[in-house]
Amino acid sequence: MVPFLLLLVAWGAAGLSCARLCLAGARAARRPVAASGGRGRRLTLYEAAFLAGGPGRVADLALVSMHLRRRLLLAHTGWATVVDPEGRDEVERTVIRAIGPQGQSPIAPVRASAAAADAVRAVADRLVAAGLAVPRGADVASAVRAVRGAALLVAALGAAALLAPDGGGVSPMPVWFALPLVLTLGCLAIARVEAHPYGAWASTDGQRLLAACAVPGDGATGDTLVAVAVRGVDAVDDPALRAALTGRAARE
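Summarised in this report is the structure supplied together with it. Keep in mind that what you see is a predicted model, and the values were worked out from it rather than measured. (Residues numbered from 1 in each chain as written. Predicted model: local features only at pLDDT ≥ 70, side-chain atom pairs only at ≥ 80, totals over all residues. Heavy atoms only, no water.)

Considering the overall build of the chain
In step 1: Per the secondary structure count, the chain includes ten helices and three strands.
In step 2: Its helices and strands in sequence order give the chain the pattern α-α-β-β-α-β-α-α-α-α-α-α-α, from N to C terminus.
In step 3: For the chain, the proportion of its 252 residues judged to be buried stands at 42%.
In step 4: For the chain, the share of sequence-separated contacts (at least 6 apart) that also reach a separation of at least 24 residues comes to 72%.
In step 5: Of the roughly 13300 Å² that the chain leaves accessible, carbon and sulfur atoms contribute 61%. (Helix = DSSP H or I, 4+ residues; strand = E, 2+ residues; numbered from the N terminus. Buried < 20%, exposed > 50% of the residue type's maximum accessible area, 1.4 Å probe, protein only. Contact = heavy atoms within 4.5 Å. Areas by Shrake-Rupley, 256 points an atom, 1.4 Å probe, with all protein chains shown as cover.)

Put into structure tokens, the structure is as follows:
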């Protein structure tokens, strides 16, 4: 009875994860008819941030940009304080609204609110329309991770079933566990051929354009912002600012 229950769990994990990967791959393949693959295009900083790290990266970029340009103060204690209430663009104005009328707020909820705002969603929609970002529900990278996890789970459950008492005789359980394992490994092989490299946010064309780093910079501040857009807040040299954004206390 126990091996049978383990087999049901194995088949469920394998079937659901593989179905998710198939759906993600199908949605990722639906490119807009007008998409040009980004030929002849330069990414804005917000677009580069989205392709590299999604909505959260766009919010981080806005916070760092406003801090470096003295429009916002990000303290290492994890609080954001408005210095200049006039945002230069809609993403910055979204950050200011997220901080609230008091002019001060913890950074974490501000970041979460800005990442979910319409201004950031507009950046995503623009990139999807250009064929540079994957549509919603087409995150092949996370679907592949789910299938890999299911394959490991099937293998572990198969090993556990072999150790469970079966009442004597030769058990066919190894064969039955081999089937969902073959299913998951087969899906991973097909994804490797059809969809690699996997991008959580950027399509193949978006990854190519991002790798070319076609992002404008304007001196030291601009170079820092490009690094944050492409590599995240860990690219920030200032330990106090990095601590403010990551929630990790700055070390003396």
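A closer look at the side chain of Thr 94
In step 1: As for its placement among the helices and strands, Thr 94 is situated in helix H3 (residues 90-99).
In step 2: Residue Thr 94 is classed as buried on the basis of its relative accessible area of 8%.
In step 3: Other than its neighbours up to four places away in sequence, Thr 94 contacts Ala 114, Ala 117 and Ala 119.

Focus: a positive patch on the surface
In step 1: Positive charge collects at one region of the surface, where Arg 20, Arg 145, Arg 148 and Arg 192 lie side by side.
In step 2: By the element assignment, Arg 148 lies in helix H6 (residues 140-163).
In step 3: The partly exposed category is assigned to Arg 148, whose relative accessible area is 42%. (Patch = residues over 30% accessible without salt bridge, like charges linked within 9 Å, V, L, I, M, F, W, Y side chains within 5 Å. Salt bridge = Lys/Arg side-chain N within 4 Å of Asp/Glu carboxyl O. Lys, Arg positive; Asp, Glu negative; His and termini not counted. Charge placed at Lys NZ, Arg CZ, Asp CG, Glu CD.)

Considering the side chain of Glu 47
In step 1: For Glu 47, the location among the structural elements is in helix H2 (residues 45-68).
In step 2: With a relative accessible area of 2%, Glu 47 lands in the buried category.
In step 3: Among the polar contacts made by the side chain of Glu 47, one reaches the main-chain amide nitrogen of Thr 44 at a distance of 3.0 Å.
In step 4: Not counting residues within four places of it along the chain, the set of residues in contact with Glu 47 comprises Arg 41, Arg 42, Val 123, Arg 126 and Leu 127. (Polar contact = N/O pair within 3.5 Å; in protein donor to acceptor, adjacent residues only side chain to side chain.)

Focus: H6
In step 1: With 24 residues, H6 should cover 34 Å at 1.5 Å per step; its first-to-last C-alpha distance of 35 Å lies within 8% of that length.
In step 2: For H6, the full list of buried residues reads Val 140, Ala 141, Ser 142, Ala 143, Val 144, Val 147, Ala 150, Ala 151, Val 154, Leu 157, Gly 158 and Ala 161. (Expected span 1.5 Å × (residues − 1).)

Describing the sheet that holds strand E1 (residues 72-74)
Neighbouring strands of a sheet are bound in pairs by backbone hydrogen bonds; such pairs are parallel or else antiparallel.
In step 1: The antiparallel open sheet is built from three strands, whose spatial order is E1-E2-E3. At either end of the open sheet lies a strand with only one pairing partner, and these are E1 and strand E3 (104-106). Here the strands of the sheet are splayed against their neighbours by 20° on average, with no regard to which way each runs.
In step 2: Across three bridges, the pairing between E1 and strand E2 (residues 79-82) is antiparallel. When the bridges of E2 are listed, Leu 72 appears paired with Val 82.
In step 3: Running at roughly 90° to E3, helix H4 (residues 107-115) makes contact with E1, E2 and E3 of the sheet. (Pairing = 2+ DSSP bridges. Axes fitted to C-alpha atoms, helices over the stretch in contact; angles between N-to-C directions.)

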